[in-house]
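Overview (structure and organization)
Okay, here's what each chain looks like letter by letter:
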Amino acid sequence: MTDKILYDLRGVSKEFVKGKEKITIFDNLNMSIKEGEFLAIMGPSGSGKTTLLNLLGGVDKPTSGEIWFNDSRVDNLSESQLAKWRAGNIGFIFQFYNLMPMLNAERNVELPLLLTNLSSKQRKKNVAAAMELVGLSDRAKHMTSEMSGGQQQRVAIARAIVSDPKLILCDEPTGDLDRKTADEILSMLQLLNRDFGKTILMVTHDPSAAAYAKRTLHLDKGQFIEKELTT
Amino acid sequence: MSDFYLVYKNLTRKKLRFFLTFFAIFIAFLMFGALAAFDKALNAGVELSADNRLVSVNKINFTQPLPISYVRKVQTVEGIEAVAQFNWFGGYYKEPRQQVMTFAVDPATLLAVYGDDIAIDEERYDGWQKNQQGILVGKAVADLYDWKVGDRIPLHSNIFSKRGGSSSWAFDIEGIFTAKYPQADTNSVYIHYKYFNETQSFGGDFIGWMGIRTVDPKLNEQVIKAIDDMFANTPFETETVPEKAFNQSFIAQLGNIGLILSSVVFASFFIILVIVGFSMALAIRERTNEIGVMKTLGFSSLRIFKMVLMESFMLIFLGGIAGLFTATYFLGFLNNAPQFPLPDLILSSDIILKAVMIMVFLGLITGIVPAVNALRLNIITALSRR
């Protein structure tokens, strides 16, 4: 981990309007994430974890405040600019894997590379490397429907890292897995952070999952209420 | 992998749905191709009609005869280049079901009027002119009965009889003619009027109608008036019309084929519009979450829009092209069928162009709504749907 700030949220507020009611999720939230961190964000349902992840992932915009990534402001980018920014900088891992059922494992992993200028040969090379890293080289041609939950999540991890993003955002990555498989997935994320220097931000309900992170933030009613170092 | 591959995989992921929609489109374009070719073949006579050709028939109706002397008189009208005479023979080969469209003509004038349509070796034509019992056979008829030059064949008439009571005439095949245009008819044969007239038992010295070539189409009106005025108030008044009008009125007697064709095609394409439109909308709705994931990964909304639209085009074009290909084979089969009464049924370039334009229209109309929905889809809303 370096001291360089990768992500910086400055006075971020997020409000929703539901009927005539205005719901405030965050009010003047400040937060920074350093390059190479493995950060877990915990909190009860409705605390704003997923909304925070959406803001950090550039799929939602704050009502006010600024979001800076690698010294560039990203909250004011247009939708198409954000799409390009996401493709180049962020890898996503979802609770329910969100793989494309009509594609086999390696085609799923290749998907983000369609957004790059890499040649077909280079894409194949990158996909093979990512599949090897998650230990699924022998199942590259298999359809994801033929795989277990743990294997599908490993395919999702390979998809998240194949374009070599700076940041990996994980939304309850072990929420749909048994304990043993969850530990394997979390160990893999730890490895990506420790050996490959990936910055990882993980939203989870599960304290044992959060224990794999270097730092945990607790979110409640739109505010961080406690910080702890877990190393 | 490319966007094209993704589109293809999305399109074929639900095999049964893909097959059913593909099949509906396939059938619609098969029908379109076949009916359009059929309509074109029916109207080929109209399309191929020369502007400088007229047809003169008995004013009562075209089944009534005209005296043979009219031919000589009409030839004297100013503005006329040549006059050919025709008599319907009502011929068949061995059995009445083996109909042969037989016309008794004057070989000296046939090519002077219809030389633009009929292609025949000059030597063969001369041979036919010299042999009164000679017959000139269209290629379609020759292929059907496997007739060759030099064969002597019997033809019966179901209208006329010979002196002596027989209704069978024997002819020597002197030549086989082809058409200068693929859609021109070669389903007929020509015999000598003189031989026919001299050997028939009744109604001699009459003809069925006259085909007239004018010097210039601009003179048509003047020539028509001159001919009809010449025979006004006689027992055999004439009605002379441009060849195109004559052929059109002949086709009109079969019914409004064009309207039937348009109605069938419109109904089938409207059904396609509903089926494919519904199917595409359903498919995209089912994939809401996946579209959300793709947008999250960095696929732009515009790119997703194009991919959905491409899917709709791919479905329509796959079904449409398969339908047109099958129509080509089907028409080929019909063309080779014995006794098929029409000139060659061809999927001509204008029919193909029209079909492609319909495909583009259908692709756009059925794809645009789901594509716009996908374009507008909010990522957070999309990811919340499973």
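Residues numbered from 1 in each chain as written. Chains lettered and ligands numbered in written order. Predicted model: local features only at pLDDT ≥ 70, side-chain atom pairs only at ≥ 80, totals over all residues.

Observations concerning the sheet that holds strand E1 (residues 5-18) of chain A
Residues and elements named next belong to chain A. Heads up, the condition is: Pairs of strands are assigned from DSSP output, requiring at least two bridges between the strands. Numbering of helices and strands starts at the N terminus; helices are DSSP runs of H or I of at least 4 residues and strands are runs of E of at least 2. We call two residues in contact when their backbone-placed C-beta atoms lie within 7 Å. Note on geometry: axes are lines fitted to C-alpha atoms, helical ones only across the stretch in contact, with angles between N-to-C directions running from 0 to 180 degrees.
In spatial order, the strands read E2-E1-E4-E5; together these four strands make up an open sheet with antiparallel pairing. Taken across any chain shown, the strands that pair with only one partner, and hence form the sheet edges, are strand E2 (21-34) and strand E5 (72-73). Helix H1 (residues 49-56) rests against E1, E2 and strand E4 (64-69) of the sheet, and its axis sits at about 120 degrees to E1.

Points about the interface of chain A and chain B
A common measure of how large an interface is: the accessible area buried when the components associate. Operational definition: Think of it as three bins: nonpolar holds Ala, Val, Leu, Ile, Met, Phe, Trp, Tyr, Cys and Pro, charged holds Asp, Glu, Lys and Arg, and polar takes everything else, Gly as well.
With 22 residues of chain A at the interface, the matching set in chain B holds 18 residues. Of all the secondary structure elements, the ones that give two or more residues to the side of chain A that touches chain B are helix H2 (79-89) and helix H3 (105-110) of chain A. Broken down by element, the residue count for the side of chain A that touches chain B peaks at six residues, all from H2 of chain A. Considered class by class, the residues forming the side of chain A that touches chain B number twelve nonpolar, four polar and six charged.

Some thoughts on helix H14 (residues 349-376) of chain B
Quick reminder of the rule: Under the convention used throughout, the expected extent of a helix is 1.5 Å for every residue step, that is, one less than its residue count. Remark: C-beta atoms are placed from the backbone, and a residue is labelled buried if 20 or more other C-beta atoms sit within 10 Å of its own, exposed if 12 or fewer do, or partly exposed between those counts.
The end-to-end C-alpha separation of H14 of chain B is 39 Å, in line with the 40 Å expected for 28 residues at 1.5 Å each. Among the residues of H14 of chain B, Ala 355, Met 359, Leu 362, Gly 363, Thr 366, Gly 367, Pro 370, Ala 371 and Ala 374 of chain B are the ones counted as buried.

Digging into the pairing of strand E7 (residues 134-138) of chain B
Residue and element names in this part refer to chain B. Burial of E7 is extensive: five of the five residues sit out of reach of the surface. Along E7, one buried face is formed by Gly 134, Leu 136 and Gly 138 and the opposite face, lined by Ile 135 and Val 137, is buried too. Across five bridges, the pairing between E7 and strand E9 (residues 168-179) is parallel. Each residue of the ladder has a partner; that of Val 137, found in E9, is Ile 176. In terms of strand pairing, E7 meets strand E10 (residues 188-192) through three bridges, oriented antiparallel.

Quick word on the pairing of E1 of chain A
Each regular strand displays side chains that alternate between the two surfaces of the sheet. Residues and elements named next belong to chain A. Two elements, E1 and E2, share ten bridges in a ladder whose sense is antiparallel. Across the sheet, residue Lys 18 finds its bridge partner in E2, namely Glu 21. Connecting E1 to the next strand, E2, in antiparallel fashion are two residues, including Gly 19 with a positive phi near 65 degrees. Alignment of E1 against E4, held across five bridges, turns out to be antiparallel. Within E4, the residue paired with Arg 10 across the bridge is Glu 66.

With respect to helix H9 (residues 220-230) of chain B
Residues and elements named next belong to chain B. What counts here: Note that the arc is computed from the directions linking the helix axis to the C-beta atoms.
Within H9, burial applies to Asn 220, Val 223, Ile 224 and Ile 227. With its buried residues spanning 100 degrees around the axis, H9 presents them on a single face. Facing away from the buried side of H9 by over 90 degrees, the exposed positions are Glu 221, Lys 225 and Asp 229. Those residues of H9 that are buried are in contact with strand E1 (53-58), helix H4 (69-75), strand E3 (80-88), strand E12 (209-214) and strand E13 (238-242).

Structural notes on the nonpolar core
Heads up, the condition is: Connectivity within a nonpolar core runs through C-beta atoms within 7 Å, and the core itself is a set of buried Ala, Val, Leu, Ile, Met, Phe, Trp, Tyr and Cys residues.
Counting 111 residues, the largest nonpolar core has Ile 41, Ala 158, Ile 168, Leu 169, Leu 189 and Leu 201 of chain A together with Ile 25 of chain B as its most contacted members. When residues no more than four places from it in sequence are discounted, the contact partners of Leu 201 of chain A are Ile 33, Leu 39, Ile 41, Leu 56, Leu 167 and Leu 169 of chain A. Grouped together as the second largest cluster of nonpolar side chains are 45 residues, Leu 66, Val 77, Val 113 and Phe 231 of chain B included.

Considerations on the environment of Met 131 of chain A
All names here are of chain A. Relative to the helices and strands, Met 131 is located in helix H4 (residues 120-133). The class of Met 131 is buried, set by 21 C-beta atoms lying within 10 Å. In sequence terms Met 131 and Ala 158 are 27 residues apart; their C-alpha atoms lie 5.9 Å from each other. The residues touching Met 131, leaving out its near neighbours within four places in the chain, are Glu 106, Val 109, Leu 136, Ser 137, Ala 140 and Ala 158.

Notes on the environment of Gly 164 of chain B
Relative to the helices and strands, Gly 164 of chain B is located in the loop between strand E8 (152-157) and E9. Once the C-alpha coordinates of Gly 164 of chain B and Ser 201 of chain B are considered, the two residues, 37 residues apart in sequence, prove to be 7.7 Å apart.

What to know about the packing of helix H5 (residues 149-161) of chain A against helix H6 (residues 179-196) of chain A
Residues and elements named next belong to chain A. To keep it simple, the criterion reads: Throughout this description, any angle smaller than 35 degrees is read as roughly parallel, any larger than 145 degrees as roughly antiparallel, any in the 65 to 115 degree range as roughly perpendicular, and the remainder as oblique. Less than a right angle of anticlockwise turn of the near helix away from the far helix marks a crossing as left-handed, whereas a clockwise turn marks it as right-handed.
Packing of H5 against H6 leaves a shortest axis separation of 9 Å and a crossing angle of 15 degrees. If you check the angle between H5 and H6, you find them roughly parallel. Two packed elements cross with a definite hand, and for H5 against H6 that hand is right-handed. Between H5, through Gly 149, Gly 150, Gln 153, Ile 157 and Ile 161, and H6, the contact on the second element is made entirely by Thr 181, Glu 184, Ile 185, Met 188 and Leu 192. Its residues assigned to classes, the contact of H5 with H6 comprises five nonpolar, four polar and one charged.

Re the confidence of the model for chain B
What counts, and what does not: Every residue is assigned a pLDDT by the predictor, reflecting its confidence on a scale from 0 to 100.
Across chain B, the average pLDDT comes to 86, with 93% of residues at 70 or higher. Our summary of model confidence lists the complex with pTM equal to 0.70 and ipTM equal to 0.84.

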